[in-house]
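Tertiary structure, described
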Amino acid sequence: MKRVVVGLSGGVDSSVAAYLLKEQGYEVIGLFMKNWHDDSVTISDECPWLEDSNDALLVAEKLGIPFQTVDLSEQYKERIVDYMFNEYKNGRTPNPDVLCNREIKFDVFMKIALSLGADYVATGHYCRKGTLEKDGKEIYQLLAGVDGNKDQSYFLCQLSQEQLAKSLFPIGELTKPQVREIAAQMDLVTAEKKDSQGLCFIGKVRLPEFLQQQLQPKEGIIIEIAANDSIYSLPKPKFELKEDQLEFEAQPLSYTSSMGKIVGKHQGAHYFTIGQRKGLNVGGTKEGLFIIATDVENNIIYTGQGASHPGLFRKVLKVLSHEVHWIREDLRLKTNDTMKVMARIRYRQPLQNATLHQTKDGLYVVFDEPQSAITPGQFVSWHLGEELLGSGVIS
């Protein structure tokens with residue numbers, strides 16, 4: 001009998017995952033990860049991890065499976081929180097959920113599970129695992145969840161073949177309503193529970209408050225750049241080499257404070273991200289202001305009016321060589337190779353047509369249509385059909 005450790009988060013998805021595995025005849029162990037100790041940044045007095053671990057325990061009891069709590073808060077602080085602060089300080093916007101899966105759930109947690117004699121680790125993610133054989137070797141595929149509305153393969157875009165080999169995603173074939181229905185039939189305490197928001201496994205943490213603990217506020221100016229500014233109609237230089245053209249097109253535009261007018265003040269450029277419109281507190285513009293660039297060194301935020309402002313759009317992004325990650329190692333591009341793919345630059349963004357260009361110093365993703373708010377520090381993922389092939393950090 002194969003042994004599976006399920007990461008029980010106290011939510012409905014992982015509860016049903018555990019139930020399904022038990023039905024399929026696995027020996028199931030429930031493990032709850034505690035990733036956070038510092039209650040000073042949680043928003044309300046309710047203590048979400050206590051509530052969640054309690055719900056996870058009740059589910060385990062109901063299903064008749066052993067249950068344990070593991071405290072990973074030290075590793076979480078080191079690998080996720082410190083990394084996040086560092087990225088924000090440098091003016092980039094990290095994705096803690098993608099990192100949490102790569103570094104915590106499918107690494108630290110997986111190692112604990114395997115040390116308990118587990119054959120697999122299972123989570124309540126809406127995605128599926130495929131297997132194919134190539135040159136006599138098994139290759140694992142990361143496939144989209146059947147519920148198009150909930151597909152979470154993007155959050156697992158940094159997993160490796162070794163991690164996928166040991167992973168199971170029991171609810172990937174189901175839709176969210178089906179999952180809730182199973183939970184209700186089984187009378188699981190989590191059946192009606194709302195989906196968790198906030199940082200992966202920390203509970204209800206508001207990002208700005210969280211950041212303010214480490215990053216000191218410092219006042220700076222907000223500048224508005226007009227949509228018809230000459231920077232948007234500069235003639236494109238001619239390039240001999242495709243590579244030079246890509247490098248040019250992947251560079252964000254450089255703004256200076258003399259290009260626009262001052263429309264307000266902010267408390268620190270490092271709290272803001274490209275494409276953001278909430279939290280600027282600038283009124284009196286015809287259309288809402290969107291952030292088109294942040295300059296952390298000079299502590300200036302550049303904005304433009306409306307969602308179609310030209311400063312928001314770009315067609316090319318670059319992933320540095322050491323940040324290019326292929327789940328399908330066998331499909332990795334060699335220098336000067338190209339590949340037509342579908343790609344997305346954030347969770348829930350509909351997939352976009354794009355072409356990958358591998359050069360000696362990085363991978364360029366060239367979209368057919370200009371994309372809004374390409375954000376350094378976030379992940380771009382690329383896909384063929386239902387399969388997620390790889391991903392990288394936007395530079």
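Report on the accompanying structure. These numbers come from a predicted model, not from an experiment.

Thresholds, definitions, all that
Residues numbered from 1 in each chain as written. Predicted model: local features only at pLDDT ≥ 70, side-chain atom pairs only at ≥ 80, totals over all residues. Heavy atoms only, no water. Phe/Tyr/Trp six-rings, centres within 6.5 Å; stacked < 30°, edge-to-face > 60°. Pairing = 2+ DSSP bridges. Helix = DSSP H or I, 4+ residues; strand = E, 2+ residues; numbered from the N terminus. Contact = heavy atoms within 4.5 Å. Axes fitted to C-alpha atoms, helices over the stretch in contact; angles between N-to-C directions. Disulfide = S-S within 2.5 Å. Buried < 20%, exposed > 50% of the residue type's maximum accessible area, 1.4 Å probe, protein only. Salt bridge = Lys/Arg side-chain N within 4 Å of Asp/Glu carboxyl O. Core = buried A, V, L, I, M, F, W, Y, C linked by side-chain atoms within 4.5 Å.

Aromatic ring pairs are reported here in terms of the distance separating the ring centres and the angle at which the planes meet. Across all of its chains, the model carries 8 aromatic pairs by this definition. One aromatic cluster in this structure is built from Y154, F155 and Y347.

With that settled, the discussion passes to the sheet that holds strand β7 (residues 167-168). An order of β3-β2-β1-β4-β7 is seen for the 5 strands of this open sheet, with the pairing classed as parallel. Each end of this open sheet is capped by a strand with a single partner; those strands are β3 (67-71) and β7. Of the strand pairs in this sheet, strand β1 (residues 3-7) and strand β4 (residues 120-122) are connected by 3 bridges, and their pairing is parallel. Looking across to β4, one finds that V6 is bridged to A122. This element, helix α2 (residues 48-63), spans β2 (27-34) and β3 of the sheet and lies at about 175 degrees to β2.

With that settled, consider the state of the cysteines. Per the stated rule, a full pass over the model turns up 0 disulfides. For C127, which is in no disulfide, the shortest distance to another cysteine sulfur is to C157 and amounts to 11 Å. For C157, a relative accessible area of 0% corresponds to the buried category.

Taken as a whole and judged by the stated rule, the model has 24 salt bridges. The salt bridge involving E27 is made with R3; its shortest N-O contact spans 3.1 Å. Placement of E27 in strand β2 and of R3 in strand β1 is noted, with a sequence separation of 24 residues between them. Of the residues examined, E27 reaches a relative accessible area of 28% and is grouped as partly exposed. A cluster of three or more residues bridged by salt bridges with shared partners is formed by D13, K150, K176, R180 and D195.

What follows covers the environment of Q213. As for its position among the elements, Q213 is in the loop between α7 (207-212) and β8 (220-224). Spatially, the C-alpha atom of Q213 lies 9.8 Å from that of F85, the residues being 128 residues apart in sequence.

In a soluble, globular protein the nonpolar side chains are often hidden away together inside. Counting 49 residues, the largest nonpolar core has I104, F109 and L142 as the members making the most contacts within it. Contributing elements (two or more residues each) for this core: β2, α3 (73-89), α4 (96-115), β6 (137-144), α7, β10 (289-295) and β18 (387-393). Considering every element that reaches this core, the biggest residue donor is α4, with 9 residues. When residues no more than four places from it in sequence are discounted, the contact partners of F109 are V5, V6, G7, L31, M33, V70, L72, I104 and V121. Among the nonpolar cores identified, the runner-up in size contains 27 residues, and V4, F32, A56 and V179 belong to it.

Treat this as a map of the structure, not an account of what it does.
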